[in-house]
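Observations on the model geometry
The lines below spell out each chain.
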Amino acid sequence: MGIISMIVVGFIVGLLARAIMPGDQKLGWILTTVLGIVGSIVTGYLGAALGIYEPGQGAGWIGSIVGALIVLGVYGLIAKRS
């Protein structure tokens, strides 16, 4: 159940990040899910490095969305250069 819940949460976080970020992101549902999962992982590592989260503690919903926004912004910069 852990993997399935991670996929569902990643999809929801990815959708919310895409809704918040201005502009048109041409991502399918698989990349939206990957966006949410990677955003959660990035926020977990950044939060642990800054002392916000304990090591091994997962990021919350808001932190995951912020992480997904960061990843989406970086993706937009890379895609714009190509």
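Residues numbered from 1 in each chain as written. Predicted model: local features only at pLDDT ≥ 70, side-chain atom pairs only at ≥ 80, totals over all residues. Heavy atoms only, no water.

Notes on the UniProt feature "transmembrane region" (unreviewed entry) in the chain
Under the local residue numbering, the UniProt record ascribes the feature "transmembrane region" (unreviewed entry) to residues 6–21, 28–53 and 59–78. As annotated, residues 6–21 has a helix share of 94% and a strand share of 0%, and its two end C-alpha atoms lie 22 Å apart. Taken end to end, residues 28–53 is 85% helix and 0% strand, and its first and last C-alpha atoms sit 31 Å apart. (UniProt positions renumbered as here; feature names shortened; annotations may be inferred. Helix = DSSP H or I, 4+ residues; strand = E, 2+ residues; numbered from the N terminus.)

Quick look at the nonpolar core
The biggest cluster of nonpolar side chains holds seven residues, and these are Val13, Ala17, Leu27, Leu35, Ile65, Ala68 and Leu72. At the level of secondary structure, the elements contributing two or more residues to this core comprise helix 1 (2–20) and helix 3 (61–81). (Core = buried A, V, L, I, M, F, W, Y, C linked by side-chain atoms within 4.5 Å. Buried < 20%, exposed > 50% of the residue type's maximum accessible area, 1.4 Å probe, protein only.)

Some thoughts on the packing of helix 1 against helix 2 (residues 29–50)
The interhelical angle for the contact between helix 1 and helix 2, taken along N-to-C directions, is 95°, at an axis separation of 6 Å. Put simply, helix 1 runs roughly perpendicular to helix 2. Seen from helix 1, the contacting residues are Met6, Ile7, Gly10, Phe11, Val13, Gly14, Leu15, Ala17 and Arg18; seen from helix 2, they are Trp29, Thr32, Thr33, Leu35, Gly36 and Ile37. Partitioning the contact of helix 1 with helix 2 into residue classes produces nine nonpolar, five polar and one charged. (Axes fitted to C-alpha atoms, helices over the stretch in contact; angles between N-to-C directions. Parallel < 35°, antiparallel > 145°, perpendicular 65-115°, else oblique. Contact = heavy atoms within 4.5 Å. Nonpolar A, V, L, I, M, F, W, Y, C, P; charged D, E, K, R; others polar.)

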